[in-house]
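# Structural overview
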Amino acid sequence: MHELHGRLKELSCGLILCAVVAGCAGDEPAFTETKRIDEKVTDDELKAYVRVIRSLPDEKLPELPLVFAPPPEWNQARTLPVGELVNEEENLISERWSAEWLARYFEKNRRLARALRRERMSVEQFAGLTLAVGAALARNTLEDDRNLDKVLKKGYTAIKRLKSNSHPFSSLGREGKHHVLRQAAWITRVDRIERLMQVPPENIALVREHLEMLQPMFPAEFGSDPLAAVADRLEEQGMPFEEMIESGSDEEIEWDPHDVAVGTDTADEETSNTTKETAGTESSQFSTTN
């Protein structure tokens, strides 16, 4: 009897331990890491991510700041050396691709918080998936024949030259500042290319498969070529000038052949006399020859 009681006690403890373990396992989050843009997004991760977005107003992501940073526009009075401004700009751009930075814009969204709890996903994990899927969508817009390695090589050379510039930005003349800012656009250009080249081919294939569903969920910046907006036409296309927004594009110029005035102008007196003299000489020579 004493032995039976001992066995029952052991069995009871075992059942309690199993229940505790099962309970703990049920409380574990479905997502255990924050996704980076260079990591593969699985089908299950995408499905959970889409379920969260579909629970939000208009089935879209909440309003976000621009992830693709614009080219530098440094204040004319900045006294830091050009090289230090370059380092500062690189850090600011890099921050935009941090899940922690993006998560700050999601934290106060109560509806999103409820949806994330249902999927057992943290705000930072949701932000990481937003960057990973968004980068894949943007990468999908690039042309396949774009020689990105060649563009990067030019960009690295330009940035290296800027970093070696120890002159305070405010000390430069108007043309000097314009030139530096034009070259500083390479910081943005290079960063975008580097980010997009990190996207795994599996993620590109995944967003292509679900493109019609995903595109309306994301801000417009992820649905258009992110390199076109910062392309240097002179460097990359050999154009000897830049087309300004105010003046419009040559591609927009239209003309109608019916509006063209065709005819001959009346020759002025000097031209007329010269023509007559030339004609008379030629005629005389022709007669003599004959």
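A word on the nonpolar core. Residues L46, Y49, W74, F126, F169, L214 and F218 are the most contacted members of the largest nonpolar core, which totals 65 residues. Secondary-structure elements contributing two or more residues to this core are α2 (43–54), α3 (82–96), α4 (99–103), α5 (110–118), α6 (123–139), α7 (148–163), α8 (174–197) and α9 (201–209). The element that contributes the greatest number of residues to this core is α6, accounting for 10 residues. Setting aside residues up to four positions removed in sequence, W74 forms contacts with L85, V86, E89, F169, V180, L181, A184 and I187.

Turning our attention to the confidence of the model for the chain. Detailed reading of the predicted coordinates is not advisable wherever pLDDT falls low. In this model, the chain carries a mean pLDDT of 80, and residues with pLDDT of at least 70 account for 68%. Between residues 11–27, whose pLDDT stays under 50, and residues either more than four places distant or in other chains, the model counts 1 contact. Note on residues 281–290: pLDDT is under 50 here. Beyond four places in sequence and across chains, it has 0 contacts.

Across all of its chains, the model carries 8 salt bridges by this definition. K35 is paired through a salt bridge with E45; the nearest N and O atoms lie 3.1 Å apart. With K35 in the loop between α1 (2–27) and α2 and E45 in helix α2, this pair connects stretches of sequence that are 10 residues apart. Residue class for K35 comes out buried when judged on its relative accessible area of 10%. Among the ionic pairs, E119 bridges to R51, the shortest N-O distance being 2.8 Å. Note that E119 is positioned in the loop between α5 and α6 and R51 in helix α2, a separation of 68 residues in sequence. Taking the relative accessible area as the measure of exposure, E119 reaches 16% and is therefore buried. R51 sits in the partly exposed class, given a relative accessible area of 46%.

Time to look at the environment of E73. Along the chain, E73 turns up in the loop between α2 and α3. Separated by 105 residues in sequence, E73 and H178 have C-alpha atoms that sit 10.0 Å apart.

Cut-offs used in this document
Residues numbered from 1 in each chain as written. Predicted model: local features only at pLDDT ≥ 70, side-chain atom pairs only at ≥ 80, totals over all residues. Heavy atoms only, no water. Core = buried A, V, L, I, M, F, W, Y, C linked by side-chain atoms within 4.5 Å. Buried < 20%, exposed > 50% of the residue type's maximum accessible area, 1.4 Å probe, protein only. Helix = DSSP H or I, 4+ residues; strand = E, 2+ residues; numbered from the N terminus. Contact = heavy atoms within 4.5 Å. pLDDT = per-residue confidence, 0-100. Salt bridge = Lys/Arg side-chain N within 4 Å of Asp/Glu carboxyl O.

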